[in-house]
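Listed below, chain by chain, are the residues.
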Amino acid sequence: MSENTNAFQIAQQQFDHVAGQLNLDAGVREVLRWPSREFTFRIPVRMDDGALQVFTGFRVQHNDVRGPGKGGIRFAANETLDTVRALSMWMTWKCAVVDIPLGGGKGGVVVDPSKLSVGEKEQLCRGWVRQMVKNIGPRQDIPAPDVGTNAQMMGWMMDEYSKLTGEFTPGAFTGKPVGSGGSQGRTEATGFGVIYTIREAMKQLKIDPKKATASIQGFGNVARHAAIGFTEILGGRVVCVSCWDRNDKKSYTYSHKDGVDAHFLFSITDPYGTIDKEKALAAGYVAEDGDAWIAKDVDVLIPAALENQVNADTVQKISKTVKILAEGANGPTTPEADEHLKEMKIFTVPDFLCNAGGVTTSYFEGVQNDMNFYWAKQEVFDRLDARMTEAFHGVLKMSQDKGVGMRDAAYMVSIQRVVDAMRLRGWIHGS
Ligand code: GLU
């Protein structure tokens, strides 16, 4: 039988596993293993050629017991209700693990954004908001950018929401551009958060960051800033990044003998994330197959692209030199691969802890929107570092106390916080 890669079934399986260890009440399990609300809707868009095209949109609100729903909107050709369900559930655990007063939500549109003009993209964003306006907002559910969406799109969405409600409501969306309610540092936040957790893991494993090497899958917003952070915050060397090439319709792993310069690679990346291969080769980069990143002899692997990339097949290729797997992406590791990582004694920083820097800074953005008072970039980074460091050590302690891996420990911390909130609000009784 081939490996199950249905993200929602994996999310439920991970939850069930820990719910069993925590002896959670059957009713509580039933509440938490399903989203509390799901929306599927159609978004008609008048395309540039005059034709009307209809797109499918989703928003899933997994749980809002600790605060309004929170989570990104993905524009992806292979988006399904199940991927959005899984991602919304992971958002609940993500907000809980960093102890921010927000719940879990996620949205999506089935579309390849690279095939849309700027105007079509704007119409699709505004159409998404028109369908969801009654069920989102700063006190209900607050979307943000994710794969295939960006700050500008959040700006359009916030504008549409404000127009429809008749009130300027910057806090309805986060990840907005600085200058229209966005927070300083939000762009870097997820990638830098990954780096703060790697720094703490290195302390634990007694690895000198200045001598450390990393291999990164992806070159989107998370991967790019993780690459910058690994070099500039930790002083280590990034051996390679991988990147989807939309012209060649395949991915490449770009490495450089002196280490990857993420600033340079970004300067030759198109708006859809494709690195200009010719320019990279001319600058001395080597382009290997897209899968090559996972087999590199490095200390740290950072999958920061999509789900299921570390799976039963690819996990076999991981080098014995690897000590840390830092999951920048959501759901990059399948349960089968996870077992293998445990056997290999690779210290895993699980996704919803590792990449929680984005949503943590989204929370800071919402706080700034509420106050209508904005912080300096360094203040954002300092607060982010403090939150991520505290969350990391809370999970590490749970892992040591209970004798479980970091993923199970992160689930334990988060589920406990969510269940406590359910009890405090009177959804369930007992001590
Ligand atoms: N999309 C990001 C995530 O998966 C950020 C979510 C947010 O800022 O709400 O964590």
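We now turn to the structure provided with this report. (Residues numbered from 1 in each chain as written. Predicted model: local features only at pLDDT ≥ 70, side-chain atom pairs only at ≥ 80, totals over all residues. Heavy atoms only, no water.)

Here we take up the pairing of strand β5 (residues 141–145). Within β5, four of the five residues are buried, which leaves the element mostly enclosed by the surrounding structure. Both strand β3 (residues 69–76) and β5 contribute to a ladder of five bridges, which runs parallel. Bridge pairing links Gly71 to Pro143 in β5. (Buried < 20%, exposed > 50% of the residue type's maximum accessible area, 1.4 Å probe, protein only. Helix = DSSP H or I, 4+ residues; strand = E, 2+ residues; numbered from the N terminus. Pairing = 2+ DSSP bridges.)

Once that is clear, we can look at the pattern of salt bridges. Pairs can form between side chains of opposite charge once their charged atoms are near each other. All told, the structure shown has 34 salt bridges when counted by the stated rule. Arg66 is the partner of Asp99 in a salt bridge, and the nearest nitrogen-oxygen pair spans 3.0 Å. You can see Asp99 sitting in the loop between α3 (81–97) and β4 (104–110) and its partner Arg66 sitting in the loop between β2 (52–63) and β3, a full 33 residues away along the chain. Residue Asp99 is classed as partly exposed on the basis of its relative accessible area of 39%. A relative accessible area of 18% means that Arg66 is categorised as buried. In this structure, Lys377 and Glu188 form a salt bridge, with 3.0 Å as the shortest nitrogen-oxygen distance. (Salt bridge = Lys/Arg side-chain N within 4 Å of Asp/Glu carboxyl O.)

Throughout the structure, instances matching the rule amount to eleven aromatic pairs. Taking the centre distance of 5.9 Å and the plane angle of 70° together, the rings of Phe41 and Trp128 count as edge-to-face. Remark: Trp128 occurs in helix α4 (residues 118–132) and Phe41 occurs in strand β1 (residues 37–46); sequence separation between them is 87 residues. The same class applies to Phe41 as to Trp128, namely buried. Look at Phe347 and Phe392: their rings are 6.2 Å apart centre to centre, the planes differ by 35°, and that puts the pair in the tilted class. In this pair, Phe347 sits in strand β12 (residues 347–349) while Phe392 sits in helix α13 (residues 377–402), placing the two residues 45 residues apart along the sequence. We note that Phe347, like Phe392, is buried. The ring of Trp375 has Arg383 lying over it, and the distance from NZ or CZ to the ring centre is 4.4 Å. (Phe/Tyr/Trp six-rings, centres within 6.5 Å; stacked < 30°, edge-to-face > 60°. Lys NZ or Arg CZ within 6 Å of the ring centre and 35° of its normal.)

Before going further, it helps to spend a moment on the sheet that holds β5. Taking strand neighbours across the sheet as the criterion, the five strands line up as β1-β2-β4-β3-β5 in an open arrangement whose pairing is mixed. In this open sheet, the two edge strands, each paired with only one partner strand, are β1 and β5. Strand-to-strand twist in this sheet, taken as the mean axis angle between neighbours without regard to direction, amounts to 25°. (Axes fitted to C-alpha atoms, helices over the stretch in contact; angles between N-to-C directions.)

Before going further, it helps to examine the side chain of His225. The residue His225 is located in helix α7 (residues 221–232) in this model. When neighbours within four sequence positions are excluded, His225 is seen to be in contact with Thr187, Glu188, Gly191 and Phe192. (Contact = heavy atoms within 4.5 Å.)

So, on to the packing of helix α6 (residues 186–205) against helix α12 (residues 357–371). Running from N to C, α6 and α12 point in directions that differ by 145°, and their axes come no closer than 7 Å. α12 is crossed by α6, and the crossing has right-handed handedness. On α12, the residues that touch Arg186, Ala189, Thr190 and Gly193 of α6 are Gly357, Gly358, Thr361, Ser362 and Glu365. (Left-handed = near helix turned anticlockwise from the far one by under 90°.)

Right, let's get into α4. The terminal C-alpha atoms of α4, which comprises 15 residues, lie 22 Å apart, in line with the 21 Å expected from a rise of 1.5 Å per residue. Among the residues making up α4, those that are buried are Glu120, Lys121, Leu124, Cys125, Arg126, Gly127, Trp128, Val129 and Met132. On its buried face, α4 is in contact with β1, β2, β3, β4, β5 and α5 (151–165). (Expected span 1.5 Å × (residues − 1).)

We now examine the site of the ligand. As a matter of local geometry, the ligand sits amid 14 residues, with Lys70, Lys94, Asp146, Arg186 and Ser362 nearest to it. Lys106 has a polar side-chain atom sitting 3.0 Å from an oxygen atom of the ligand. Between the ligand and Arg186, the relevant distance is 3.0 Å, taken from an oxygen atom to a side-chain nitrogen or oxygen of the residue. Burial of the ligand by the protein chains amounts to 94% of its free accessible area of 290 Å². (Near = heavy atom within 4 Å. Polar contact = N/O pair within 3.5 Å; in protein donor to acceptor, adjacent residues only side chain to side chain. Areas by Shrake-Rupley, 256 points an atom, 1.4 Å probe, with all protein chains shown as cover.)

This paragraph deals with the sheet that holds strand β8 (residues 250–255). Reading across from one edge, β9-β8-β7-β6-β10-β11-β12 is the order of the seven strands in this open sheet, with mixed pairing throughout. Strand pairing shows two members of the sheet lacking a second neighbour, β9 (286–289) and β12, which therefore form its edges. Direction aside, neighbouring strands of the sheet carry axes that sit 20° apart on average. Where strand β11 (residues 324–326) and β12 come together, three bridges link them in parallel fashion. Each bridged residue has a counterpart across the sheet, and for Leu325 the counterpart in β12 is Thr348.

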